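Listed below, chain by chain, are the residues.
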Amino acid sequence: MRQALVWAKENSMVVGVVVGALVVMYGFYRFSVRVMRFFFNVSDKEIFTGGFVLGMLAMLGLLATVAYAHRRYSLNVEHVYRSALAELRKHESVSKAMGGFWHPANFKGFAIESLQEAIQGSERRARSSYLEAPARRIQMIFTLKGMGRTGMVSLEAFKRSGDLHFDMLALDVKETDEHLILEGEHDHELFPEVNNLLEANRSANRSTRRA
């Protein structure tokens, strides 16, 4: 029971959709019962079957709408990560700074702003109208390994109308102290969570060098 409650808390959107779908199904069933009893002389079994079918169709429509909205507006961490790597490979300056061949390393951290923060700061991500949903920002850092060089990528992105936009994409190379801004005009202040991860990684690097 406790595990079920934990799962429900972690997947509140799924629970909400299922509950909403069940409510819609029950509503269609009750509506069908009243209409068919008033206008038609049909059995309870036929009423139940009709209401159930209409409820299922309504539930499928609701699920499809939620899935579409989720795919269009939600931020998927792995999608952002893969998109950032694809964007990095477009810039020859990245390969040059990393000494030629490079590949992503294991370290990765990210933070996504809350919906409230997105609403308050949505003017930073210009909307065509106030009816358009606010775009939440994601910030991420991850490391690259090159030919004897280590790079730290930092980015800020948001999703608008299903498309991912990079407000900032930057690369810092540890060995040469190079700082490349690949997307955007300037560095952005990091969220506290991301900044803490970055500082922890830098401290670990300093400890490794001293050892």
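Relevant structure appears above.
Read on for a plain summary of the structure. Residue numbers run consecutively from 1 along every chain, following the written order of its sequence. Selection of residues for local features in this predicted model requires a pLDDT of at least 70, selection of side-chain atom pairs for listing and counting requires 80 or more, and totals for whole chains, interfaces and linings are taken over all residues. Water and hydrogen atoms play no part in the side-chain values, which are based on all heavy atoms of the structure.

## With respect to the overall build of the protein
Counting its regular elements, the protein contains seven helices and five strands. Listing every helix and strand of the protein by position from the N terminus yields α-α-α-α-α-β-α-β-β-β-β-α. Only protein chains enter the calculation, and the probe is 1.4 Å; a residue is then buried if its accessible area is under 20% of its type maximum, exposed if over 50%, and partly exposed in between. Going through the 211 residues of the protein one by one, you find that 32% of them count as buried. By the convention used here, residues are in contact when the closest approach between their heavy atoms is within 4.5 Å. Partitioning the contacts of the protein with sequence separation of at least 6, the portion at a separation of at least 24 is 56%. Here the protein displays about 13800 Å² of accessible surface, and carbon together with sulfur accounts for 59% of that area. Secondary structure follows DSSP: runs of H or I at least 4 residues long count as helices, runs of E at least 2 residues long count as strands, and numbering of each begins at the N terminus. Throughout, the Shrake-Rupley method with a 1.4 Å probe supplies accessible areas, and for residues the shown protein chains are the sole cover considered.

## A word on the packing of aromatic side chains
What counts as a ring pair is set by centres within 6.5 Å for rings of Phe, Tyr and Trp (its six-membered ring), and what kind of pair is set by the plane angle: stacked under 30 degrees, edge-to-face over 60, tilted for all other angles. All chains considered together, the criterion is met by one aromatic pair. On the basis of an interplanar angle of 90° and a centroid distance of 4.9 Å, the ring pair of Tyr-81 and Phe-142 is categorised as edge-to-face. Of this pair, Tyr-81 sits in helix α4 (residues 77-88) while Phe-142 sits in strand β2 (residues 137-145), placing them 61 residues apart in sequence. For the pair Tyr-81 and Phe-142, one class covers both residues: buried. For a ring to carry a charge above it, either NZ of a lysine or CZ of an arginine must fall within 6 Å of the ring centroid while also lying within 35 degrees of the normal to the ring plane. A cation over a ring is seen here: Arg-89 above Trp-102, with NZ or CZ 4.2 Å from the ring centre. The ring centre of Tyr-81 lies 4.0 Å from the NZ or CZ of Lys-108, which sits over that ring.

## Observations concerning the nonpolar core
Nonpolar core, defined: a set of buried Ala, Val, Leu, Ile, Met, Phe, Trp, Tyr and Cys residues in which side-chain atoms within 4.5 Å join the residues together. In this structure, Leu-88, Val-94, Met-140, Phe-142, Leu-144, Leu-155 and Leu-171 are the most contacted members of the largest nonpolar core, which totals 25 residues. Residue assignment for this core shows that the elements contributing at least two residues are α4, α5 (92-97), β2, β3 (150-160), β4 (163-173) and β5 (178-183). Counting residues per element, this core draws most heavily on α4, at six residues. In this structure, Ile-141, Met-152, Phe-191 and Val-194 belong to the second largest nonpolar core, which totals seven residues.

## Examining the sheet that holds strand β1 (residues 103-112)
Here the rule is simple: two strands pair whenever DSSP picks up at least two bridges between them. One open sheet holds the five strands; their spatial order is β1-β2-β3-β4-β5, and the pairing between them is antiparallel. Both outer strands of the open sheet, β1 and β5, are each paired with one neighbouring strand and no more. For this sheet, the mean angle separating the axes of adjacent strands, direction not counted, is 15°. Only C-alpha atoms enter the line fits that serve as axes; for helices the fit covers just the stretch in contact. Angles between N-to-C directions range over 0 to 180 degrees. Relative to β2, α4 is tilted by about 55°, and along the sheet it contacts β1, β2, β3, β4 and β5.

## Topic: the pairing of β2
Most of β2 is tucked away, with eight of its nine residues classed as buried. Bridge count for β1 against β2 is seven bridges, and the pairing is antiparallel. The residue of β2 that forms the bridge with His-103 is Lys-145. By the bridge criterion, nine bridges tie β2 to β3 in an arrangement that is antiparallel. Residue pairing for β3: Phe-142 is matched across the bridge by Val-153. Hairpin connection between β2 and β3: a loop of four residues separates the two successive antiparallel strands, and Gly-148 in this loop has a positive phi of roughly 75°.

## Brief notes about unusual backbone geometry
Across residues other than glycine, the phi torsion is negative in most instances, and most of the peptide bonds are trans. Even without glycine at this site, Asp-177 takes up a positive phi of about 60°. Considering the arrangement of structural elements, one finds Asp-177 in the loop between β4 and β5. You can call Asp-177 exposed: its relative accessible area is 70%.

## Things to note about α4
The α-helix winds at 3.6 residues per turn, so residues separated by three or four positions along the chain end up facing the same way. Multiplying one less than the number of residues by 1.5 Å gives the expected span of a helix. Helix length check: α4, at 12 residues, gives a terminal C-alpha distance of 17 Å against a target of 16 Å (1.5 Å per residue), a fit within 8%. Within α4, the full set of buried residues consists of Val-77, Val-80, Tyr-81, Ser-83, Ala-84, Leu-85, Glu-87 and Leu-88. Where α4 is buried, its residues meet α5, β1, β2, β3, β4 and β5. Among the residues of α4, the N-terminal cap falls to Asn-76, whose side-chain oxygen and the backbone nitrogen of Glu-78 are separated by 3.1 Å. Under this definition, polar contacts are N or O atom pairs within 3.5 Å; protein pairs additionally need one hydrogen-donor-capable and one acceptor-capable atom, and for neighbouring residues in sequence, both atoms have to be side-chain atoms.

## What to know about the environment of His-186
For His-186, the position within the fold is in the loop between β5 and α7 (192-210). Taking C-alpha positions, His-186 is 9.3 Å from Leu-169, a pair spaced 17 residues apart along the chain.

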